[in-house]
Amino acid sequence: MSETIRRDPRREWIARNRLHPEHASVLLEMGNAALSEWPGPNGVVRKNPRAVGFIGPNGIKRIDRSGLQQGGQAAATTAAPQDSRRTVTIEDPAFLVAVVPDMTGGRLSGHDKDLLGLARQMADADGEHPGAVVAIVFGEHKAAALGDAGIDRVVHLDDEVYTGFAPEARLAALSAVEREMAPRFWLVPDSQLGGGEQGRRLAVRLGERPATQVWHVEADEHSATGWRCTARGAAGTSDITRHLPRVVLALAECAEPVSETRHAAQPVELNQPLPDVLGRIEDMGEVPVDPASVSLAEAEFILSAGNGVKDWEGYHHAAQVLGAAKGASRVAVDDGFMARDRQVGASGTWVSARVYVAVGISGAIQHLQGIQTCEKVVAINLDERCDMVKRADLAVIGDAGDILAALVARVERYREQQQENRDAA
Amino acid sequence: MPHNVNTLNDAELSVAVLVSVGRHPLTGRARRADHDARAVEMALSLGDASVQLMHAGDGGEACGDAMRGYLGMGISRVKRINQDPDADVVPALANILRFAAPQLVLTGTRAETGEGSGLVPYLLAETLGWTVVSGLAEIESIEQGVATVLQALPRGKRRRLKVRLPAIATVDSSAPAARQSAFGPARRGELADCACASVTDELQTQWRVQPARKRPKRLKIVKSASARDRFKAAAAKADSGGGQLLNDVTPEQGAEAIFTLLKEEGVLR
Amino acid sequence: MLNTILPILIFTALALAVIGALRRIRLWRQGRPAPVNLFKGLAALPRRYLVDLHHVVARDKMISNTHVATAGGFVAAAVLMILVHGLGIASPLLGGLLLLASASMFVGSLFVARRRINPPARLSKGPWMRLPKSLMAFSVSVFLITLPTVGLLPEGLLEGSTSWFLVVVLVGLVAWGLGEMFFGMTWGGPMKHAFAGALHLAFHRRPERFSTKKGGGGRSTGLKALNLEDETAPLGVEKPADFTWNQLLGFDACVQCGRCEAACPALAAGQPLNPKKLIQDMVVGMAGGSDANYAGTPYPGKPVGEHHGTPHGPIVAPAALPEGASLVDAETLWSCTTCRACVEECPMMIEHVDAIVDMRRHLTLERGKTPNKGAEVLDNLIATDNLGGFDPGSRLNWAADLNLPRMADLQQVDVLLWLGDGSFDMRNQRTLRALVKVLRAAEVDFAVLGDEERDSGDVARRLGDEATFQSLAKRNIATLSKYRFQQIVTCDPHSFHVLGNEYGELGGVYEVRHHSTFIAELYDAGRLTFSPWKGGSVTYHDPCYLGRYNGEFEAPRNVLKALGIELKEMERSGSRSRCCGGGGGAPITDIPGKQRIPDMRMNDVKESGAELVAVGCPQCTAMLEGVVDTSAEVRDIAELVADALVERPAGEASGASRQPAATPTAEEVIV
């Protein structure tokens, strides 16, 4: 292709003439989607001051000089965030804080990262004599970024005795860590994914009385450990404030995850070989369960069907692909399309899902009452004036069957991509 | 849900259920604790097992009300070990379990009053040297001293485990719901009190206990070099007032919008 | 010859009848004791039969006349026959009367026979089909054998040797008639209804239902309390013998006329309940046996002949046995909406709802088998004092902006406004707001209990949980006793009924008014002024607990009339109003049928052509509004009134009693 800049006087003229009917499209073409700027004939950037800015939420035109937002278009993608993390290496730690992350699926969960944030806080409390965070990781892990989460040392125990559900073997390993490293604190996520159980086993084995369901930790000079914590008690209805013990089972969001530093995540081996454990619990593997049968009250993602659903097969298929629990309006249940225990609403189940997708449900008041505590409500409906659309955070007007089919296609595409990424990684 | 549990060994399976005093989350009234009641339900569904209920606590009025709740499920008697209000119940329970020697102990995951740490089953298992397994959803069978159970995992998943007996197993809300507690059996049932020396829980007396505070909602922290971005993130309204309405869009566009929301909320796996 | 045979026949039949009666009485006495004044009851019997029972029967003039002729004729004929033919008092006067009586009976039996040609579905067949023939046999034979007595037939006609054939035929007829009428009466034939029915009227468990010489019969609709203090008393009815003896007697009185089944909303919706079959099943259980001989409409979806019972066997199969292994399936009992349409229609004044609740009590209190959401709702009531399990401290959250006066602050008011559990329902909150607006417009001195109020216990009681009901009731009574007020006003007919009719037995006696009654009174006292009605046509749905339970049919209609609305009545209205399906915990137990009761009711509304249906009950509002694709709007009377309210001129603002305000004047209307 020729490097020469070729001029098109007509187009330039159109670009200058605001009143020309093709003005906008020519501008768009010339300016590579930035309406307000385009390269002029001599390579000089030309600006159209009238196209600058956007209409703000109050209907007033605003001009954003940072250059991110232009001509009413969506914010342009910014460059990938620069890596501004500081690299920290703790060579000779004053003490150790041991963390046993859940590592579900071989990755650090949000809960794990919060817990590591807490561990970091405790390790770094005394700037003069920093401690090190040692993570005990069982089984294969795919997280390259252990150091980003604030881990200084990693004890990686990748033996097949630890795969699956092996609390006894893992407990033996943790006891060995205790013997060899004697960490000052043990932090375990108080999760359903195994952390809660493992942490309790560990505490009992170490003879320590742990703090469970901890959600807040702060420094306290009166405490023997230098910290005090607030923990939920009595099934979440009370707060217990106490000195922080050696073993802590903490809830998600107990601290902010590490975001400003990067740590070494240096592998450490245990000196002593681990003893063989005679397990009394044998893991027979996971049993497949239909996500649609998860009880409504527990479900965090519900695809709920009402009178407007005509293609029931499509609906059930969509629920399966999305991995959503199935809900129903009273009418859908009365008409026999759905089982009674699937009914959502004042006279059915009160649900508290994170996302509630109402397909063809107009939103009787009893139904709306039943989804009061749902965080995000999505409505798919033909009638844009119905109450469900008013309640919804996102409402899509159109035929439920078509939209569900498109959604299923989109999600399947997404899954494939993910699979590819995973295979690549 | 009927369970067809075969007990092949000749000796009758003996199951103990540890029950505690529940507390309604809104009114604070004493009731049977939800998890413990599910444990009782699971024990009752074991067919011909002999089930005994045990409770260690202060035997107050609230305790009586709660125990009637369990009796109403068709239990003839609850063994109640009287303890001081500030006692550690683990020694007393360990004592009685060692004496009663059941093959299987079921209990709720955590209590609805007091510390509610969920440690009791682990402490008992450690003391008695028994197996402990958590989060039972179903007992599939018990044969020759080995129980095959389904353990509940988040999002309705299940894992099958084989557990050597004697064992202590905890039950949470994924187990089948407890049957209705009926007035007649509750009134007839017996509260068999027995005394046991109390060991005071010293540590607990140092704690400060208050009603639970609402946890602050975590803000989305924007790490950005630009002051403008940080300001925008801090000043943005937490919830967009009205919802977004997509009219006259193709199904694909609508689906894309929904997909984006689902992904943002992290409900797609 | 005849003179010898007749007395033998008559006295044999009588003797057999007495033996049968004793056996029948033995069956009834299997039941538990009940405090009944036997002599007073027997003394009141004629009036109860001739006045009260006749009132019910006379809703169908044709049948009532038929019954008067047949039954009256039979009673007279039977007595005279014993005198004339049994004891041989052959006076021509008695003979003449006997002829007259048997003739009347014959005419009646012709009508009975006509009714049995293509009988309506609600009538039982089987032995009842032969009854007109038996009646005719009796009346004709008595007439014929009496003819010689009065000399209308030569004496010798039946004496001659050639007349033996005639005699045999006559004797056969007489035997048939006597067999059906005397023997069958106490041994379980169709005529059993006369014997058991008469005693049932005399020993009825609710004597208040009958009129006395002093005044009309009251409505007695409140359920009777269980004695929970007595630990040996059974909690409800497990087996037929757990009913009181007069309840068993009542079941025996059933004539299987099927008026109850014609009125039953559950049967019409295809739910497995038929009040007539239920009563017959109780009879089967009391005597022991199978329901195979039942010849009427079965429970929908449940074939006849598969159920059987004994007096001391469980009515509902315990969990160990499969459904159908005993007398009645549990879902039959849970289908009832307790609308009382069957009781209202029953000419024998049988108490179906009492029996159903008695059996439900056993299922809930002893077995813990309240179906579907029942257990959850009862748990909520126990733990939070409301059906939905809401925080009891949030009972008044809906009215945060209304500044409702609290009883705790005022201590003494004219009107205590009972909000009911509708306070937690967003739809009912609109009604409550409207009602508050009306009360304020009329400057009523009122206050609410606020967080001190608890559920009235209606649902708990009707789900059979007497313990929870009594606990709620006792605590409500204790709260109410702290304050002074003239009357309680509520927009919930269920609370209205329970507070007014069922708290009395537990020591809480109050004057309770439904809001429609109260608004009607305010309007009559001139404290409310309405703008004329501009909306479309309106019909009114009578709530069961307001109408049939408490006899309030007029006040709501008066209010609507005062609003300037001309009602388009539905075919079933007033005491025959069809239930909305929301009573008796039916939406909670939720027994599936072929269609839904509220759908049928909205269909009634549609047929009336009305564009709006006015209701006076939160349950009815919820049920009827839950019907999809309807043409009619559902609104509470309070809402209609609040919308039509007109500010009164300033001068009258303080004058509480404007002169009898029959109709608003033109000026007032224009304002």
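Note on numbering: residues in each chain are counted from 1, in written sequence order. Chain letters and ligand numbers both follow the written order, the letters beginning at A and the numbers at 1. The predicted nature of this model means local features are confined to residues of pLDDT at least 70 and side-chain atom pairs, given and counted, to a pLDDT of 80 or more, with totals for whole chains, interfaces and linings taken over all residues. The basis for every side-chain value is the complete set of heavy atoms in the structure, and neither hydrogens nor water enter the calculation.

As recorded in an unreviewed UniProt entry, chain C goes by the name Fe-S oxidoreductase, listed as coming from Vreelandella subterranea.

Looking at an unreviewed UniProt entry, one finds chain B named Electron transfer flavoprotein beta subunit, with Vreelandella subterranea as its source organism. UniProt positions are given in the numbering used here, feature names are shortened, and annotations may be inferred rather than shown by experiment. On record in UniProt, under Sequence similarities (unreviewed entry), the comment for chain B is "Belongs to the ETF beta-subunit/FixA family."

Engineer: Mind showing me how you'd approach helix 15 (residues 374–384) of chain C here?
Structural biologist: Three or four residues apart is the spacing at which side chains of an α-helix point the same way, because the helix has 3.6 residues per turn. Accessible area is worked out with a 1.4 Å probe on protein chains only. A residue is then buried under 20% of its type maximum, exposed over 50%, and partly exposed in between. Note on conventions: DSSP H or I runs of at least 4 residues are helices, E runs of at least 2 residues are strands, and numbering of each starts at the N terminus. Most of helix 15 of chain C sits out of view: eight of its eleven residues are buried. Those residues of helix 15 of chain C not exposed but buried are C:Gly374, C:Ala375, C:Val377, C:Leu378, C:Asn380, C:Leu381, C:Ala383 and C:Thr384.

Engineer: In this structure, what is going on with the interface of chain B and chain A? I would like to understand it.
Structural biologist: How big an interface is tends to be expressed through the accessible area that disappears when the partners come together. Between chain B and chain A, the contact holds 79 residues from the first and 81 residues from the second. Summed over both partners, the interface of chain B with chain A buries about 7100 Å², with 55% contributed by carbon and sulfur atoms. Two parts placed together each lose some accessible area under a 1.4 Å probe, and the buried area is that loss summed for both. Sorting the residues of chain B by area buried against chain A places B:Arg215, B:Arg218 and B:Ile258 first, and these three jointly supply 11% of that buried surface. Basic side-chain nitrogens of Lys or Arg form a salt bridge, by our definition, when they fall within 4 Å of a carboxyl oxygen of Asp or Glu. One salt bridge connects B:Glu115 with A:Arg242, and the closest N-O pair in it is separated by 3.3 Å. Under this definition, polar contacts are N or O atom pairs within 3.5 Å; protein pairs additionally need one hydrogen-donor-capable and one acceptor-capable atom, and for neighbouring residues in sequence, both atoms have to be side-chain atoms. The interface formed by chain B and chain A holds 29 residue pairs in polar contact (both at pLDDT 80 or more) in total. The contact definition used throughout considers only heavy atoms, calling two residues in contact when any of these lie within 4.5 Å.

Engineer: Would you explain the sheet that holds strand 20 (residues 376–381) of chain A in this entry?
Structural biologist: When DSSP locates at least two bridges between a pair of strands, those strands are taken to pair. Reading across from one edge, 18(A)-17(A)-19(A)-20(A)-21(A)-15(B) is the order of the six strands in this open sheet, with parallel pairing throughout. Two strands bound the open sheet, and with one partner strand each, they are strand 18 (325–328) of chain A together with strand 15 (244–246) of chain B. Recorded for the sheet is a direction-independent mean angle of 15° between the axes of neighbouring strands. With four bridges connecting them, strand 17 (residues 301–305) of chain A and strand 18 of chain A associate as parallel partners. Among the inter-strand pairings, A:Ser304 is bridged to a residue of strand 18 of chain A, identified as A:Gly327. Across the face of the sheet, helix 6 (residues 312–322) of chain A comes into contact with strand 17 and strand 18 of chain A while running at roughly 180° to strand 17 of chain A. The axes are straight lines fitted to the C-alpha atoms, using for helices just the contacting stretch, and the angles between their N-to-C directions are given from 0 to 180°.

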